[in-house]
Amino acid sequence: MERNAWRKSSRSGSNGQCVEVRYRRVQVDVRDSKAPDAGTLSFEPAAWNAFVDTIKTNAGRP
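Not measured: the values here are computed from a predicted model.

(A) Summary view of the packing of aromatic side chains. Within this structure, the stated rule accounts for two aromatic pairs. Here Trp48 and Phe51 contribute two aromatic rings whose centre-to-centre distance is 5.4 Å and whose plane-to-plane angle is 40°, an arrangement assigned as tilted. With Trp48 and Phe51 both in helix α1 (residues 45–58) and three residues apart, this pair spans about one turn of that helix. Taken together, the ring pairs connect Phe43, Trp48 and Phe51 into an aromatic cluster.

(B) Spotlight on α1. The end-to-end C-alpha distance of α1 is 20 Å, a good match for the 20 Å that 14 residues give at a rise of 1.5 Å each. Downstream of α1 by one or two residues, Gly60 has phi in the positive range, about 85°.

What counts and what doesn't
- Residues numbered from 1 in each chain as written.
- Predicted model: local features only at pLDDT ≥ 70, side-chain atom pairs only at ≥ 80, totals over all residues.
- Heavy atoms only, no water.
- Phe/Tyr/Trp six-rings, centres within 6.5 Å; stacked < 30°, edge-to-face > 60°.
- Helix = DSSP H or I, 4+ residues; strand = E, 2+ residues; numbered from the N terminus.
- Expected span 1.5 Å × (residues − 1).

As structure tokens, this is what we get:
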């Protein structure tokens, strides 16, 4: 994956309810695609990966 490039989820719809993610060497940044200048949240890569793995594991559960 290209570093420092913002990307949207491949599952993002056309309703504008998206976040964008940018992978950098020592952190992962997340921002609202509707308001990219409103700020970002930054995570250590291990924390971001754990979060994504948890979402994938629990997807579809009530």
